[in-house]
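Below are the chains, spelled out letter by letter.
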Amino acid sequence: MTHIELSLSPLEPIAVDPLHSWSVPVSSAEESCLVIDAAGVIVAASSSWVRLLSVEHHTELAGRDVREVLCLIDFTAAGNELGEAEREQIPPLLALTSKRPARGLLRVRGPQDTPSRTLDAVATPLWQAGQVVGSLSFFAAV
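Quick notes on the rules
- Residues numbered from 1 in each chain as written.
- Predicted model: local features only at pLDDT ≥ 70, side-chain atom pairs only at ≥ 80, totals over all residues.
- Heavy atoms only, no water.
- Helix = DSSP H or I, 4+ residues; strand = E, 2+ residues; numbered from the N terminus.
- Contact = heavy atoms within 4.5 Å.
- Salt bridge = Lys/Arg side-chain N within 4 Å of Asp/Glu carboxyl O.
- Buried < 20%, exposed > 50% of the residue type's maximum accessible area, 1.4 Å probe, protein only.
- Core = buried A, V, L, I, M, F, W, Y, C linked by side-chain atoms within 4.5 Å.

So, the environment of Gln128
Now for step 1: Relative to the helices and strands, Gln128 is located in strand S5 (residues 117-128).
Now for step 2: If we ignore the near neighbours within four places in the chain, the residues touching Gln128 are Val16, Asp17, Pro18 and Val133.

Next comes the structure, spelled out in C-alpha cells:
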C-alpha cells in the first residue's frame, strides 16, 4: 500500500507593496482613477483621469503632489481657489488621514479655455503592515 505523508508549515506573509500592485492596473484602466502615496504624491493615473481633468503635462504626473496638479475651487459662482485646509479634505487625501473610505464632490478648474468641472470622487486607503501607505480613488463627472 502507498503511504503519503503530509505536513503543513506556517504560511509566511508575502510582502506586497500595494502602491506598486495598484499602479499597473490603474495606469491601463479605462476608468478615471488615481493612486497616491501617503504624502499625496501621484504614483499612477489612468489616461481617462487625465482626460477628465484636462491635465496639462500628463506625462509628468507621476512624482507630483496631487494638490499641485489639481486646481481645486469652491462651489461659488466666482470659483475661488480653496485654502490649504480645505484642499486636505478631498477624498483621496481624506482617505489617508481618516484611514477610512471617503467620498465627496470636488470642483476643479482646468487649464485655460477649459471649463471647471464638478467631480464625484470615492477613495479608499491602501494598507501595508498595518499602516496607510496611500489611497486609490475613482472619479466621475457630475
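Once the structure has been displayed, the description carries forward.
Brief notes about the pattern of salt bridges
Now for step 1: What the rule picks out here adds up to three salt bridges.
Now for step 2: The salt bridge partner of Arg103 is Asp120, with a shortest N-O separation of 2.5 Å. Of this pair, Arg103 sits in strand S4 (residues 102-109) while Asp120 sits in strand S5, and the two are 17 residues apart along the sequence.
Now for step 3: Exposure remark for Arg103: the relative accessible area of 63% places this residue in the exposed category.
Now for step 4: One salt-bridge network, held together by shared partners, links Asp65, Arg67 and Glu88.

As for the nonpolar core
Now for step 1: Grouped together as the largest cluster of nonpolar side chains are 24 residues, with contacts concentrated most on Leu34, Ile42, Trp49, Leu61, Leu70, Leu106 and Phe139.
Now for step 2: Those residues in contact with Leu34 that sit more than four places away from it in its chain are Val26, Ile42, Ala44, Ala45, Trp49, Val66, Ser135, Leu136, Ser137 and Phe139.
Now for step 3: Of all hydrophobic cores here, the second largest spans nine residues; its members include Leu19, Val26, Ala29 and Ala44.

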